[in-house]
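One-letter residues, chain by chain:
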Amino acid sequence: MALAWLFLRMASEGELRQQLLERGLDPRAVRLFELARETGFYGKYCALMEAIAKEKAVWDTITKKDYDGFAAMLDSGQLEVTAEGVQDKAASITMVKDFEPSETTFSDWKFLPIDKDAYVVIYTVAVKGKYKGKDFPPATAHASSAWANRDGKWMAIYHQECDVMKMALPPASATTKPAPSPATTPAQAAATSDPIAN
């Protein structure tokens, strides 16, 4: 991840190459990064790394109980959707004060650019901790956040979470329907002049 930040901070390719080599990176690895830049993968990768860093920073403020820092990352019109309902910025700040994560594990990151000033990041998060002072069982949620560039500062404008639920398979039916016989042919539907009905 530190390498991605280095890429974002370097202005010219020559300077980037020289810095990477000075840091002891294998010249073959430097060439792979250069190829990634040339093919466009570099930009997508760096955008994903930046999005992940922003999202994890939000979670870090909650873990550290830095509620002012948390609030500073949210846009004034921010909305959050959880099992409890839809909250505005003020309600989101109040809600996280009751949430004390002790362990978070992130996976399945996806990045969806909207335009140069907005994107959505999607991920899975496994959480252990307390809610309203009581331990809750380990939980896993699918989450997504939308971020927008507001006057040069990236702000979270939307967040949603839904619990990952393990669905039980329906029980096998005791009676099985016989397969259609090849001797019987299904009736053909009559075509009409109405293209929607067809």
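Up top is the structure these notes are about.
What counts and what doesn't
- Residues numbered from 1 in each chain as written.
- Predicted model: local features only at pLDDT ≥ 70, side-chain atom pairs only at ≥ 80, totals over all residues.
- Heavy atoms only, no water.
- Phe/Tyr/Trp six-rings, centres within 6.5 Å; stacked < 30°, edge-to-face > 60°.
- Helix = DSSP H or I, 4+ residues; strand = E, 2+ residues; numbered from the N terminus.
- Pairing = 2+ DSSP bridges.
- Axes fitted to C-alpha atoms, helices over the stretch in contact; angles between N-to-C directions.
- Contact = heavy atoms within 4.5 Å.
- Core = buried A, V, L, I, M, F, W, Y, C linked by side-chain atoms within 4.5 Å.
- Buried < 20%, exposed > 50% of the residue type's maximum accessible area, 1.4 Å probe, protein only.
- 1 Å grid on protein atoms, 1.4 Å probe; cavity = no way out; pocket = protein on both sides within 12 Å on 5 of 7 lines; lining within 4 Å.
- Points joined across faces, edges and corners; volume = space filled by probe spheres on them.
- Nonpolar A, V, L, I, M, F, W, Y, C, P; charged D, E, K, R; others polar.
- Salt bridge = Lys/Arg side-chain N within 4 Å of Asp/Glu carboxyl O.

### Description of the packing of aromatic side chains
Then, number 1: Scanning all chains against the criterion turns up 9 aromatic pairs.
Then, number 2: Consider the rings of Phe99 and Phe136, whose centres lie 6.2 Å apart with planes at 25°: the pair is stacked. Here the residue Phe99 occupies a position in strand β3 (residues 99-115), and Phe136 occupies one in strand β5 (residues 134-150), the gap between them amounting to 37 residues.
Then, number 3: Ring geometry for Phe106 and Trp109: centres 5.6 Å apart, planes at 35°, overall tilted.
Then, number 4: Taken together, the ring pairs connect Trp59, Phe99, Phe106, Trp109, Tyr123 and Phe136 into an aromatic cluster.

### Considerations on the pairing of strand β1 (residues 74-82)
Then, number 1: With 4 bridges joining them, β1 and strand β6 (residues 153-163) adopt parallel strand pairing. Residue pairing across strands places Leu74 opposite Ala156, the latter belonging to β6.
Then, number 2: The sheet contact formed by β1 and strand β2 (residues 85-88) spans 4 bridges and is antiparallel. Paired with Glu80 across the bridge in β2 is Gln87.
Then, number 3: Counting the residues that bridge the hairpin from β1 to β2 gives 2 residues.

### A short note on the sheet that holds strand β4 (residues 118-131)
Then, number 1: If you trace the 6 strands from one edge of the open sheet to the other, you get β2-β1-β6-β5-β4-β3, paired in mixed fashion. With partners counted over all chains shown, the strands left at the sheet margins are β2 and β3, one partner each. This sheet shows a mean twist of 20° between the axes of neighbouring strands, independent of strand direction.
Then, number 2: Most of the contacts of helix α6 (residues 89-96) go to β1, to which it runs at about 60°, and overall it touches β1, β2, β3 and β4.

### As for the nonpolar core
Then, number 1: Ranked by internal contacts, the top residues of the largest apolar core, which has 24 residues, are Trp59, Phe70, Tyr123 and Val125.
Then, number 2: For this core, the secondary structure elements donating two or more residues are α4 (41-63), α5 (67-72), α6, β3, β4 and β5.
Then, number 3: When residues in this core are grouped by element, the largest group, 6 residues, is from α4.
Then, number 4: With residues near it in sequence (within four places) discarded, Phe70 still touches Val58, Thr61, Ile62, Ser92, Ile93 and Val96.

### Things to note about the layout of surface pockets
Then, number 1: Of the pockets and cavities examined, the largest pocket occupies roughly 680 Å³.
Then, number 2: Lining the largest pocket are 29 residues, with Thr82, Glu84, Met95, Phe99 and Glu161 positioned closest to its centre.
Then, number 3: Contributions of two or more residues to the lining of the largest pocket are made by α4, β1, α6, β4, β5 and β6.
Then, number 4: Of the residues contributing to the lining of the largest pocket, the split by class is 19 nonpolar, 5 polar and 5 charged.

### A closer look at the pattern of salt bridges
Then, number 1: Inspection of every chain in the model, using the stated rule, returns 5 salt bridges.
Then, number 2: Between Lys54 and Glu50 there is a salt bridge, and its shortest N-O distance comes to 2.7 Å. You can see Lys54 and its partner Glu50 sitting in helix α4, 4 residues apart, about one turn around the helix.
Then, number 3: What makes Lys54 buried here is its relative accessible area of 15%.
Then, number 4: Owing to a relative accessible area of 22%, Glu50 belongs among the partly exposed residues under this scheme.
Then, number 5: Across the salt bridge formed by Arg150 and Asp75, the nearest N and O atoms sit 3.1 Å from each other. Separated by 75 residues along the polypeptide, Arg150 in strand β5 and Asp75 in strand β1 bring together distant segments of the chain.
Then, number 6: For Arg150, a relative accessible area of 39% gives the class partly exposed.
Then, number 7: Here Asp75 falls in the buried class, since its relative accessible area comes to 13%.

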